[in-house]
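# Secondary and tertiary structure notes
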Protein chains: 2
Amino acid sequence: MTEPRTGTPRERYRAHVRDEVKKHAWEQIGTAGAAALSLNAIAKRMGMSGPALYRYFANRDELITELIRDAYRDLADTVRARAAADAGLDGLAQALRRWALDDPQRYFLIYGTPVPGYHAPEDTTRISQEIMGMVLDAACAAAEQRPVPARALDEHLAEHRAWAGEHPAAPSALRQALTFWTRLHGVLSLELAGQFSGMGFDPALLYAAETEAVTGGTPSGHGDAPRPGR
Amino acid sequence: MTEPRTGTPRERYRAHVRDEVKKHAWEQIGTAGAAALSLNAIAKRMGMSGPALYRYFANRDELITELIRDAYRDLADTVRARAAADAGLDGLAQALRRWALDDPQRYFLIYGTPVPGYHAPEDTTRISQEIMGMVLDAACAAAEQRPVPARALDEHLAEHRAWAGEHPAAPSALRQALTFWTRLHGVLSLELAGQFSGMGFDPALLYAAETEAVTGGTPSGHGDAPRPGR
DNA sequence: CCCAAAGAGTTATAACTTCTAACGAACGCG
DNA sequence: CGCGTTCGTTAGAAGTTATAACTCTTTGGG
């Protein structure tokens, strides 16, 4: 989460306690969901009384916001590592699914049901944009090897490409990155939510099929092995 | 929600109070999310003390389960009405989006972040299957007019078609119904969660593009007007 | 019609939760 | 070695879910 080797002893201790709180928080979230997260319960498990935690987190929302921040950072790191290995769009898709399956509630903390009042802090939206940027990079790289056919939506995206920032992606790449996100999230979120549970088919194959469809069957760059199924 | 014209006066009164509780519950969920739903607050708004509501709902979870049940029923009714009008797959897609935008938290109550411990009651999964059945019907009807090309996934689905029940859909129709669900849910859930908010493009056009892609551009049956955008 | 049973709503209470306030003790910087 | 900052404590307010016990009303059977 954070490196403990900085600042004064007190700061290091503080960072250590904060990390331990977050560790217990993730456990609670994993077993009972974010709604059931209790500062009191965490304090007791750490062997101290409830109000002590308020020295480390202003309130429950700040702890959850911090967890969301960490989740975003971890996802960005995962995608960045995979992108650095030049794994291609399908490599990113695999990394995303693994990351999500590794801790479904962490995925839902980012992409799940929003709390009506809640507004994400600016830095998390920045990380979100960075992730999108890496997907855009991969989409452009894939388009060089195999051109992506144009769609009717491309025109609209060409006119509304503010979300891509300064990225020089072609309209078709914008669309590809966007549908990469929506299509994989569609399968992944329903799988993680257990909506496929009694249905019998293998979600991994559906995910692989969607990945192949959205990448145009591009077998990745020169990075790790493709392995469509699992 | 339920017809008040049945049973004894007491039963009718009971049903009336239950409906009023649910009405207030939906308001709370809409403005603060399901996690913030408070039986106490509902009771006070209805002019009675907290424990009185326990005459009508065993506990908070039972109320939420009942809301989920109602949401499923309402979605099934909406889809059924649209399917009866022979609106085609894209008609169902439009109906789904309208229904979701009408009350995002209601959509998320069904398709949003799951609570780790929670298991859906049997009747809601039955309704879910009924909805899937109607999508399958529409997919088969569309395939008669315009054949759907086969995909690699079809073979797997042909071998694992238990979820389709007795439905005689061809493997390609199974896949089409499944991706209809996952692709539209992918766009819709991210839109409802506000993930597209600062991005500039029109989610309706993205949804329309995904609808057209998944239906193969079939301009519906003979029902209501198609109207792709909005 | 009458009366007992059933049901509705009440208050009191327990066991939780978040979060503030006030206090004492320990830590570590100068 | 001090002395101020920081930490952890207990006390307590205001919420929550949920149960128990009690009162009052409604209802249906004799």
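Not measured: the values here are computed from a predicted model.

## Quick look at the protein's contact with DNA strand D
Near DNA strand D you find 21 residues, and of these Y13, R55 and Y56 of chain A together with L39 and N40 of chain B are the closest. At the protein interface, 64% of the atoms of DNA strand D within 4 Å belong to sugar or phosphate. Within the contact set of DNA strand D, a base oxygen lies 3.5 Å away from a side-chain nitrogen or oxygen of R10 of chain B. Within the side chain of S38 of chain B, an N or O atom sits 3.4 Å from a phosphate oxygen of DNA strand D. At the level of elements, α1 (9–32) of chain A together with α1 (9–32) and α2 (39–45) of chain B are the ones that each hand at least two residues to the surface near DNA strand D. Sort the elements by how many residues they give to the surface near DNA strand D and α1 of chain A lands first, with 3 residues. Counted by class, the surface near DNA strand D contains 10 nonpolar, 6 polar and 5 charged residues.

## Some thoughts on the interface of chain A and chain B
Facing the 44 residues of chain A at the interface are 44 residues of chain B. Counting every contact that joins chain A to chain B gives 0 salt bridges. Linking chain A to chain B there are 9 residue pairs in polar contact (both at pLDDT 80 or more). Taken together, the elements giving at least two residues each to the side of chain A that touches chain B come down to α1, α5 (104–111), α7 (153–159), α8 (171–192) and α9 (203–215) of chain A. For the side of chain A that touches chain B, the leading source of residues is α8 of chain A, giving 11 residues. Its residues assigned to classes, the side of chain A that touches chain B shows 26 nonpolar, 15 polar and 3 charged.

## Some details on the packing of aromatic side chains
Residue and element names in this part refer to chain B. The tally for this structure, following the rule as stated, stands at 12 aromatic pairs over all chains. On the basis of an interplanar angle of 65° and a centroid distance of 6.1 Å, the ring pair of Y111 and W181 is categorised as edge-to-face. With Y111 in helix α5 (residues 104–111) and W181 in helix α8 (residues 171–192), this pair connects stretches of sequence that are 70 residues apart. The residues Y111 and W181 share a single accessibility class, namely buried. Consider the rings of F196 and F201, whose centres lie 5.2 Å apart with planes at 55°: the pair is tilted. Neither F196 nor F201 differs from the other in exposure class; each is buried.

## Describing the environment of R80 of chain A
Residues and elements named next belong to chain A. Tracing the backbone through its elements, the reader meets R80 in helix α3 (residues 60–84). Note: C-alpha distance between R80 and K44 (36 residues apart in sequence) is 37 Å. Ignoring sequence-local partners within four residues, the contact set of R80 consists of E130 and M134. Reaching out from R80, the side chain makes a polar contact with the side chain of D77 at a distance of 2.8 Å.

## Description of the UniProt feature "DNA-binding region" (unreviewed entry) in chain A
On the UniProt side, "DNA-binding region" (unreviewed entry) is annotated at positions that read residues 38–57 of chain A here. Helix makes up 35% of residues 38–57 of chain A and strand makes up 0%, while its end C-alpha atoms are separated by 13 Å.

## Considerations on the protein's contact with DNA strand C
In the vicinity of DNA strand C lie 21 residues, with L39 and N40 of chain A together with Y13, R55 and Y56 of chain B positioned nearest. Each atom of DNA strand C within 4 Å of the protein belongs either to a base or to sugar and phosphate, the latter forming 62%. Elements that contribute at least two residues to the surface near DNA strand C include exactly α1 and α2 (39–45) of chain A together with α1 of chain B.

What counts, and where the lines are drawn
All residue numbers here refer to positions counted from 1 along the written sequence of the relevant chain. The order in which chains are written sets their letters, starting at A; the order in which ligands are written sets their numbers, starting at 1. Confidence filtering applies because this is a predicted model: local features only for residues at pLDDT of at least 70, side-chain atom pairs given and counted only at 80 or more, and all residues used for totals across whole chains, interfaces and linings. Neither water nor hydrogens contribute to the side-chain values; these are computed over all heavy atoms in the structure. Whether a residue is near a molecule or strand is decided by its heavy atoms; if any one of them lies within 4 Å of it, the residue is near. For this analysis, a polar contact is any N or O atom pair within 3.5 Å, provided that within protein one partner can donate a hydrogen and the other can accept it, and provided that sequence-adjacent residues contribute only side-chain to side-chain pairs. Strands are runs of DSSP state E lasting at least 2 residues, helices are runs of H or I lasting at least 4, and numbering of each runs from the N terminus. Residues are grouped as follows: nonpolar covers Ala, Val, Leu, Ile, Met, Phe, Trp, Tyr, Cys and Pro; charged covers Asp, Glu, Lys and Arg; every other residue, Gly included, is treated as polar. Contacts are assigned to residue pairs with any non-hydrogen atoms lying within 4.5 Å of each other. The working definition used for a salt bridge is a side-chain nitrogen of Lys or Arg within 4 Å of a carboxyl oxygen of Asp or Glu. Stacked, edge-to-face and tilted labels apply to pairs of Phe, Tyr and Trp rings (six-membered ring for Trp) whose centres lie within 6.5 Å, assigned for plane angles under 30 degrees, over 60, and everything in between, in that order. The rule is simple: take the accessible area with a 1.4 Å probe, protein chains only, and divide by the maximum for that residue type; under 20% is buried, over 50% is exposed, in between is partly exposed. UniProt positions are given in the numbering used here, feature names are shortened, and annotations may be inferred rather than shown by experiment.

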